[in-house]
Amino acid sequence: MSTILFEDINVKYDKTEQYALKNLNLTIQAGQIVSLIGPSGCGKSTTLNLASGLLTPTSGAVKINDSEITGPGLDRGVVFQNYSLFPWMTVLENITFALKQKSKEPKEVITKKAIQILEKVGLDEKAQKSFPSALSGGMQQRVAIARMFILDAPVFLMDEPFSAVDEITRNQLQDLLLNLWEEGETKKTVLVVTHNIDEAIFLSDRVVVLHDGQIQEDLAIPFKRPRNRFNIDQEEEYTKIRRELLKAISGEY
Ligand SMILES: Nc1ncnc2c1ncn2[C@@H]1O[C@H](COP(=O)(O)OP(=O)(O)O)[C@@H](O)[C@H]1O
Ligand SMILES: [Mg+2]
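Procedures and definitions
Residues numbered from 1 in each chain as written. Chains lettered and ligands numbered in written order. Predicted model: local features only at pLDDT ≥ 70, side-chain atom pairs only at ≥ 80, totals over all residues. Heavy atoms only, no water. Helix = DSSP H or I, 4+ residues; strand = E, 2+ residues; numbered from the N terminus. Rg over C-alpha atoms; globule rule 2.2 N^0.38 Å. Buried < 20%, exposed > 50% of the residue type's maximum accessible area, 1.4 Å probe, protein only. Contact = heavy atoms within 4.5 Å. Areas by Shrake-Rupley, 256 points an atom, 1.4 Å probe, with all protein chains shown as cover. Expected span 1.5 Å × (residues − 1). Polar contact = N/O pair within 3.5 Å; in protein donor to acceptor, adjacent residues only side chain to side chain. Pairing = 2+ DSSP bridges. Axes fitted to C-alpha atoms, helices over the stretch in contact; angles between N-to-C directions. Near = heavy atom within 4 Å. Arc of directions from axis to C-beta.

K.L.:
How would you explain the overall build of the chain if you had to name every residue and give the values?
P.N.:
Along its length, the chain carries eight helices and 10 strands. For 253 residues, the compact-globule formula gives about 18 Å, and the C-alpha radius of gyration of the chain, at 18 Å, lands near that figure. With the C-alpha coordinates aligned to their principal axes, the bounding extent of the chain is approximately 55 × 45 × 30 Å. Residues classed as buried in the chain amount to 51% of the 253 residues present. Residue pairs in contact within the chain that sit at least 24 positions apart in sequence constitute 69% of those at least 6 positions apart. For the chain, the exposed surface amounts to about 12,500 Å²; the carbon and sulfur share of it is 49%.

Laid out in structure tokens, this is it:
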């Protein structure tokens, strides 16, 4: 189980005057799903890229448990908005390629595992043999989620993973993520960027609102799991939490 710690983080990109993140302190507890929300440009992707190791802070440290992150690693699975699959490989090859990098198991065992998880995310044999370009956005994102789960890293980092698909697909992918997360033997630590309040509430144990590079709000989402999207808004505090988040996102104090 892995805790992600952001300690006194400041980030300033080259050639910019302003800081993208200012004095950010944030702990993502092991086994929790935490959403980062906020308006465009508030620093969500910057925060996620620090955790993925694609970006180094100007000052401060990002740690997994006690060790400082110095670059990308197989201890963290990443899903981006735009599917990031290798276009020249079939779906099955995309999945097994990632796993072969990590696992020393025989090829047949890896292929079998890959087929199992692809079926679990709803991709049949025909889809498994397809190239990503032949699949819809939602299906490509299923592949990306399958790849993240099969790698079995303790930390999942997702940057607007469902924002490029239609609403029904989006709901299916949210359910898929939660089902896979809930059935895992050890709970993954998940940091997910979204700009959708309802998605953030539905998925998360905690929602952190960023505004202009700083934490504006940090709310626990107390609803029991497994959650049901059709009645979660009946929960006692739902309206209050939603309103607080909406205010924070709009920059109202
Ligand atoms: N590579 C970059 N070079 C310069 N400025 C950047 C770069 N990436 C992001 N920024 C700036 O940093 C701020 C935060 O960006 P970002 O983290 O991408 O926001 P978000 O993901 O919340 O939309 C924005 O002002 C953005 O313009
Ligand atoms: Mg972003």
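K.L.:
Could you give an account of helix H6 (residues 167-183), naming the residues involved and the relevant values?
P.N.:
Look at H6: 24 Å from first C-alpha to last across 17 residues, which is about the 24 Å you get at 1.5 Å a residue. Every buried residue of H6 is listed here: Thr169, Arg170, Leu173, Gln174, Leu176, Leu177, Leu178, Leu180 and Trp181. Sitting at the head of H6, Asp166 places a side-chain oxygen 3.1 Å from the backbone nitrogen of Ile168.

K.L.:
Let's hear about the sheet that holds strand S4 (residues 59-64): which residues, and what values?
P.N.:
With antiparallel pairing, the four strands of this open sheet are ordered in space as S2-S1-S4-S5. Each edge of the open sheet carries a strand with a single partner, namely strand S2 (21-28) and strand S5 (67-68). Bridge count between S4 and S5: two bridges; the pairing is antiparallel. Its bridge partner being in S5, Lys63 is matched across the sheet by Glu68. Docked against the sheet, helix H1 (residues 44-52) engages strand S1 (4-11), S2 and S4, running at close to 125° with respect to S1.

K.L.:
How would you summarise the site of ligand 1 if you had to cite specific residues and measurements?
P.N.:
Around ligand 1 sit Tyr13, Thr16, Ala20, Pro39, Ser40, Gly41, Cys42, Gly43, Lys44, Ser45 and Thr46, and that is every residue in its neighbourhood. Between an oxygen atom of ligand 1 and a main-chain N or O atom of Gly41, the distance comes to 2.7 Å. At a separation of 2.9 Å, an oxygen atom of ligand 1 approaches a polar side-chain atom of Ser45. Calculation on ligand 1 without its partners gives an accessible area of 560 Å², and the protein chains cover 58% of this total.

K.L.:
Any chance you could break down helix H3 (residues 107-120) for me, citing the residues and the numbers?
P.N.:
In this model H3 runs 20 Å from its N-terminal to its C-terminal C-alpha over 14 residues, within 8% of the 20 Å that 1.5 Å per residue would give. Residues of H3 that are buried: Ile110, Ala114, Ile117 and Leu118. Buried residues of H3, seen end-on, are gathered within an arc of 100° and therefore sit on one face of the element. Among the exposed residues of H3, those pointing more than 90 degrees away from its buried face are Glu108, Lys112, Gln116 and Lys120.

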